[in-house]
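Read off the chains here:
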Amino acid sequence: MRVVSLLPSATEIVAALGFREQLVGRSHECDFPPGIEALPACTASAIEPDRETSCGIDRQVKEALANAASIYSVDTGLLEKLKPDVIVTQDQCEVCAVSLTDVEAAVCAIVGNDTKIVSLNPTNLDAVYADINRVAAALGARDAGAALVADMRAAMARISLAAKGHDKPRVACVEWADPLMAAGNWVPELVTIASGVDPFGTAGAHAPWLDPKQLFETDPDIIVFMPCGFGLQRSAAEAKALLATPDWQGLSAVKAGRVYATDGNSFFNRPGPRLVESAEILSEIFSGAPDDPKGRWHRVQP
């Protein structure tokens, strides 16, 4: 079986199900498990996030969507050469990865190729588990899918049980800094599992725009930065820029040193097996643990 994954979380799911060696192509953003970068990249982005500010990225995305333009492109010629039996993609968010429409158009261009397309649409933890089972079914590995989901559920239950003795801090999870956006979908559930309260995001709903006035009025106990697509260093830089402003300096979380940057790209923004580790990160943060020796998160000072 030859598998192409056009989504980082899907690549992690395929590998966790035991099909790492069957992967023959990936998206330009797939970087885990280690060594996966050696596979040919079947997609490309029209936006270069490393060269843009958060505001600039947001502007380009909105302009592209307003003009019905694709943010990502699919290399049809490469797909034809790879001859995949299964392509895993998504239809949840055109900003996050190549769209289902673009993938279907690319596959249609491959004459005579009977390729199965599995499109993921995760909105909460249950939907993530369902997606894992659907990928497993497409790969002929239903038992492996059931086992992986069972392991994830059990791990989440252990984290929740261990966190029950903690206080329940009010937590602002920041998915984008400029304009300000709170995290949604599965992140509010992770906050609950880690024994926190999320006043801004709603489980199962897309990330909402966050009015700064609402943030200041709510005055959360903890602020966790997890910008979509940004690693720890970029996440910390985004946090520092906001913490330097007078309004943010008045927040209780800032005064108490309870502002954190995380590697959102590797963890919170990927609806796959590493959501368990994402819940662990939040539990560590909420408990007041010192900086993470694994380098997944750290405190941010003004």
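The shown structure was predicted, so the numbers you read here are calculated from the model rather than taken from an experiment.

A word on the packing of helix 5 (residues 125-138) against helix 6 (residues 142-163)
Two packed helices can be described by the angle between their axes and the distance between those axes.
Thought 1: The interhelical angle for the contact between helix 5 and helix 6, taken along N-to-C directions, is 160 degrees, at an axis separation of 7 Å. As judged from the angle between their axes, helix 5 and helix 6 are roughly antiparallel. Judged by the sense of rotation from one axis to the other, the crossing of helix 5 with helix 6 is right-handed. Across the interface between the two elements, Leu125, Asp126, Tyr129, Ile132, Asn133, Ala136 and Ala137 from helix 5 touch Arg142, Gly145, Ala146, Leu148, Val149, Met152, Arg153 and Met156 from helix 6.
Thought 2: Tallied by class, residues from the contact of helix 5 with helix 6 come to 10 nonpolar, 2 polar and 3 charged.

Remarks on the pairing of strand 7 (residues 171-177)
Thought 1: Summarising burial for strand 7: 7 of the 7 residues are buried, a large majority.
Thought 2: Looking at chain direction, strand 7 and strand 8 (residues 180-182) are connected through 3 bridges and run antiparallel. Looking across to strand 8, one finds that Ala177 is bridged to Leu180.
Thought 3: Taking the residues that link successive antiparallel strands as the turn, the strand 7-strand 8 hairpin has 2 residues.

What about the packing of aromatic side chains?
Thought 1: If you walk through the whole model with that rule in mind, you get 4 aromatic pairs.
Thought 2: A centroid spacing of 5.1 Å and a plane angle of 40 degrees characterise the contact between Trp176 and Phe230, whose relative ring orientation is tilted. Here Phe230 lies in the loop between strand 9 (222-225) and helix 9 (232-243) and Trp176 lies in strand 7, a separation of 54 residues in the sequence. You'll find Trp176 and Phe230 in the same group, each marked buried.
Thought 3: On the numbers, 6.0 Å between centres and 40 degrees between planes, the contact of Phe225 with Trp248 is tilted. A residue pair is termed long-range when its members are at least 10 positions apart, and Phe225 in strand 9 and Trp248 in helix 10 (residues 246-249) qualify at 23 residues. Both residues of the pair, Phe225 and Trp248, count as buried.
Thought 4: Taken together, Phe216, Phe225 and Trp248 form an aromatic cluster joined through their ring pairs.
Thought 5: For the cation-ring pair, Arg274 lies above Phe267, with the distance from its terminal atom to the ring centre recorded as 5.1 Å.

So, the sheet that holds strand 5 (residues 86-90)
Thought 1: Strand order in this open sheet of 4 strands is 2-1-5-6, and the pairing throughout is parallel. Sheet topology places strand 2 (23-25) and strand 6 (116-120) at the edges, where each strand pairs with a single neighbour. Neighbour-to-neighbour, the strand axes of this sheet turn through a mean angle of 30 degrees, independent of strand direction.
Thought 2: Examined bridge by bridge, strand 5 and strand 6 share 5 bridges and lie parallel to one another. Following the sheet pairing, Val88 is matched in strand 6 by Val118.
Thought 3: Relative to the sheet, helix 1 (residues 8-16) contacts strand 1 (3-5), strand 2, strand 5 and strand 6, its axis offset from that of strand 1 by approximately 145 degrees.

Quick word on helix 9
Thought 1: Along its 12 residues, helix 9 runs 16 Å from first to last C-alpha, staying within 8% of the 16 Å computed at 1.5 Å per residue.
Thought 2: Every buried residue belonging to helix 9 is among Leu232, Ser235, Ala236, Glu238, Ala239, Leu242 and Leu243, and all of these are buried. For helix 9, the arc enclosing every buried residue in end-on projection is 160 degrees, short of the 170-degree limit, so these residues lie on one face. Exposed residues on helix 9 whose side chains face more than 90 degrees from its buried face are Gln233 and Ala241.

A word on unusual backbone geometry
Thought 1: Cis geometry is adopted by the peptide bond preceding Pro33, which originates at Phe32 and carries an omega value of 5 degrees.
Thought 2: Structurally, the position occupied by Pro33 is in the loop between strand 2 and strand 3 (43-45).
Thought 3: Cis peptide bonds are those with omega within 30 degrees of zero, and the linkage from Asp178 to Pro179 qualifies with 0 degrees.
Thought 4: Here Pro179 lies in the loop between strand 7 and strand 8.
Thought 5: Positive phi is not limited to glycine here, since Lys83 has a value of about 50 degrees.
Thought 6: Accessibility expressed as a relative area gives 51% for Lys83, which makes it exposed.
Thought 7: One non-glycine residue, Asp219, adopts positive backbone phi at about 50 degrees.

Here's the deal with the environment of Asp75
Thought 1: Looking at the element boundaries, Asp75 is found in the loop between strand 4 (72-74) and helix 3 (76-82).
Thought 2: Owing to a relative accessible area of 39%, Asp75 belongs among the partly exposed residues under this scheme.
Thought 3: Along the primary structure Asp75 and Ala44 are separated by 31 residues, whereas in three dimensions their C-alpha atoms are 8.0 Å apart.
Thought 4: In this structure the side chain of Asp75 is engaged in a polar contact, spanning 3.3 Å, whose partner is the backbone nitrogen of Gly77.
Thought 5: A polar contact is formed between the side chain of Asp75 and the backbone nitrogen of Leu78, at a distance of 3.0 Å.

Overview of the sheet that holds strand 10 (residues 259-262)
Thought 1: With mixed pairing, the 5 strands of this open sheet are ordered in space as 8-7-9-10-11. Since the sheet does not close on itself, it has two edges, and those belong to strand 8 and strand 11 (297-299), each with one partner. The mean inter-strand angle of the sheet, taken between neighbouring strand axes irrespective of direction, is 30 degrees.
Thought 2: Relative to strand 9, strand 7 is paired through 4 bridges, and the arrangement is parallel. Looking across to strand 9, one finds that Ala172 is bridged to Ile223.
Thought 3: Across the sheet, helix 12 (residues 275-286) lies against strand 7, strand 9, strand 10 and strand 11, angled at about 145 degrees from strand 9, the strand it touches most.

Reading guide: rules and limits
- Residues numbered from 1 in each chain as written.
- Predicted model: local features only at pLDDT ≥ 70, side-chain atom pairs only at ≥ 80, totals over all residues.
- Heavy atoms only, no water.
- Axes fitted to C-alpha atoms, helices over the stretch in contact; angles between N-to-C directions.
- Helix = DSSP H or I, 4+ residues; strand = E, 2+ residues; numbered from the N terminus.
- Parallel < 35°, antiparallel > 145°, perpendicular 65-115°, else oblique.
- Left-handed = near helix turned anticlockwise from the far one by under 90°.
- Contact = heavy atoms within 4.5 Å.
- Nonpolar A, V, L, I, M, F, W, Y, C, P; charged D, E, K, R; others polar.
- Buried < 20%, exposed > 50% of the residue type's maximum accessible area, 1.4 Å probe, protein only.
- Pairing = 2+ DSSP bridges.
- Phe/Tyr/Trp six-rings, centres within 6.5 Å; stacked < 30°, edge-to-face > 60°.
- Lys NZ or Arg CZ within 6 Å of the ring centre and 35° of its normal.
- Expected span 1.5 Å × (residues − 1).
- Arc of directions from axis to C-beta.
- Polar contact = N/O pair within 3.5 Å; in protein donor to acceptor, adjacent residues only side chain to side chain.

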